[in-house]
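Breakdown of the fold
Read off the chains here:
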Amino acid sequence: MILSAWLFLVMINDLIMTLKDRGMGMHVCQLIVPCILLADDTSLLSPTVFGLQRSLDAVFEYASKWRLVYNPLKSAVVVFGESRQVNSARSIGRRWLLNDKNIEEKSHIKYAGCFLAGDMKCKAAIDKAVQVGRSTINSLTAVGIRRFGMNPITSCKIWKRIIMPSMLFGAQLWCNVSLKEYEALERCQRYATRRMQGLRQQSPTEGTVSGLGLWSVEAAVDRTKLLFFNKLCHGKSNLYWKQLFMLRLSNFKYSTVDRKWGFIPDIVRILKKYDLYHHLVRYMSTCTCPDKMMWNKITYRVIHSREQRVWRASLATRADMYRFANIYTELRPSFIWKIALIHYKHLWLLATLFYLALENPFECRQCKLCGVTGQDMAKHFVLYCPALNTERNCMFETFLDVLGVENFVDFHSQEDEIVFETILGSKTDCFHSLNDNLWEQFLLVAAVGIHSMSIKATRLPMLQ
């Protein structure tokens, strides 16, 4: 297997030298790139129609000499830099021949797993990423990525380590992604996180993704590009891709034209976005940059910090999420799911506490048990509904047993809103000195107590 790859390189090397000796390929300053080879795929490059046809003729000549066969039906031509409208008009008058057989001209191709579009946009790649994300998450329903399935933290690991890398494969090359395209990716992630946590599709966005401590997809793409940028900076100077990167970087630095399209302008925009531009300035001056491990830490820290600020600001604009904002103050996986990793038999009982924190307290409804109409039915159900007094008293008596008299008095003497938020998991002032084991026991009692109320509610005759 290893020897065959080496033998192929020896065999195909003459083709590269033939193209290079004839001056064919892409010329970038003094750098000549005659073609790109990957396994048994050959990609020819040329800035002109005539130049590409000459390269095709040279390839056919080489193939005839060594009895190689290129299949025109599996070959395609993509013209970069033309809009779809211009390409549709011009492609009619263009013909590409390999051994007198036509090669189809396409608007985009998939090469090495990456979608490359002639109009330099990434819509096709993003549409495919969304399709991959949705189809994969749906196919894993039977495995347990659903309500009453596996722990959402476990599901989230599958999402981050398997599904997201498949979705974002080649995202390092996505440039100038529109807000609409990012929104399609964000909707896919929200769909997945709701499935993992057993939430309704109408549940608020600010709570669904943050419940698993996930960043936005845009932030994940940004970090992928930043890590790729660091890899380019550390590449050996004798490699073609490193030389091309340095040429593009120099061209961007000294060009008088304000370039807004392409990989380098996109990287510059991302570096400025996260206040990392000084690293590029230092690299262009001294050719030094942080090593891989340090860059990983730097990018994670700055992106996570920014994502948390954006998330908190988004919560602040939604009055109906004030309770959730009081309970969950940091962008990290919900403590409910972490506790459920230990007490796995109570996973979906504990999930009720997370669901209640997401309820809209300003929605006006009628209690079907006692007939009271008003806002914040979640708090009414847990603290006030007279039809559930027996179960409620039992829950609070168990709180007393778990907390002890002093802690229970501190807890029970708080305002009703604070009591309710504490039951749902908020570590209020009265619980700051409480050790983690007692706090976990308290939440387990709350989950079991609310579950018993729910069972009682389903058995009671409802008001018509």
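Each remark here, short or long, concerns the structure printed above.
Heads up: these notes are all about the structure in this document. What you see is a predicted model, and the numbers here were worked out from it, not measured in a lab.

Focus on the pairing of strand β4 (residues 41-44)
- Strand direction decides the pairing type here: strand β3 (residues 35-38) and β4, joined by four bridges, are antiparallel. Looking at the pairing, Cys35 lines up with Leu44 of β4.
- Connecting β3 to the antiparallel partner β4 that follows it, the hairpin turn spans two residues, and Ala39 within it adopts a positive phi of roughly 55°.

With respect to the packing of aromatic side chains
- Scanning all chains against the criterion turns up 19 aromatic pairs.
- Ring geometry for Phe229 against Phe245: centres 6.2 Å apart, planes inclined by 70°, an arrangement best described as edge-to-face. With Phe229 in helix α8 (residues 217-233) and Phe245 in helix α9 (residues 240-254), the pair connects residues that are 16 residues apart, well separated along the chain. Neither residue differs from the other here; Phe229 and Phe245 are each classed as buried.
- Residues Phe396 and Phe399 carry aromatic rings whose centres are separated by 5.4 Å and whose planes lie at 75° to one another, so their mutual orientation is edge-to-face. In this pair, Phe396 and Phe399 are both assigned in helix α17 (residues 389-403), three residues apart and thus about one turn of the helix distant. The pair formed by Phe396 and Phe399 is uniform in burial state, with each residue classed as buried.
- Taken together, the ring pairs in this structure connect Phe148, Phe324, Tyr328, Phe335, Trp337, Trp348, Phe354 and Trp439 into an aromatic cluster.
- Sitting above the plane of the Tyr277 ring, Lys272 keeps its charged end 5.0 Å from the centroid.

What to know about the nonpolar core
- In this structure, Trp159, Trp174, Phe399, Phe411 and Ile423 are the most contacted members of the largest nonpolar core, which totals 113 residues.
- The element contributing the most residues to this core is helix α15 (residues 347-358), with 11 residues.
- Ignoring any residue separated from it by four or fewer positions in sequence, one finds Ile423 in contact with Leu353, Val382, Leu383, Met395, Phe396, Phe399, Phe411, Phe442, Leu443, Ala446 and Ile450.
- Core analysis: the second largest hydrophobic core is formed by 16 residues, Ile12, Cys35, Leu56 and Ile103 among them.

Observations concerning a nonpolar patch on the surface
- A surface patch of nonpolar side chains, about 430 Å² in accessible area, is lined by Leu3, Trp6, Leu7 and Val10.
- One can find Leu3 in helix α1 (residues 2-21).
- Judged by its relative accessible area of 57%, Leu3 is exposed.

Calculation criteria
- Per chain, residue numbering runs from 1 following the sequence as it is written.
- Local features in this predicted model are restricted to residues of pLDDT 70 or higher, and side-chain atom pairs are both shown and tallied only at a pLDDT of 80 or more, whereas totals for entire chains, interfaces and linings draw on every residue.
- To obtain the side-chain values, all non-hydrogen atoms of the structure were used and water was disregarded.
- Pairing between two strands is assigned when DSSP locates at least 2 bridges connecting them.
- Strands here are runs of E lasting at least two residues and helices are runs of H or I lasting at least four, both read from the DSSP assignment and numbered beginning at the N terminus.
- Each Phe, Tyr or Trp ring (for Trp, its six-membered ring) is paired with any other whose centre lies within 6.5 Å, and the angle between the two planes then decides the class: stacked below 30 degrees, edge-to-face above 60, tilted in between.
- Three exposure classes are used, based on accessible area relative to the maximum for each residue type with a 1.4 Å probe and protein chains only: buried under 20%, partly exposed in between, and exposed over 50%.
- The criterion for a charge sitting over a ring is simple: Lys NZ or Arg CZ within 6 Å of the ring centre, and within 35 degrees of the ring normal.
- Think of a nonpolar core as a cluster: buried Ala, Val, Leu, Ile, Met, Phe, Trp, Tyr and Cys residues, connected wherever their side-chain atoms sit within 4.5 Å.
- Any two residues whose heavy atoms approach within 4.5 Å are treated as being in contact.
- In this analysis, a patch consists of residues with relative accessible area above 30% that form no salt bridge, clustered at 9 Å for like charges and at 5 Å for the nonpolar side chains Val, Leu, Ile, Met, Phe, Trp and Tyr.
- Per-residue and other accessible areas follow the Shrake-Rupley method at a 1.4 Å probe size, with only the shown protein chains counted as cover for residues.
- Whenever a carboxyl oxygen of Asp or Glu lies within 4 Å of a side-chain nitrogen of Lys or Arg, that contact is scored as a salt bridge.

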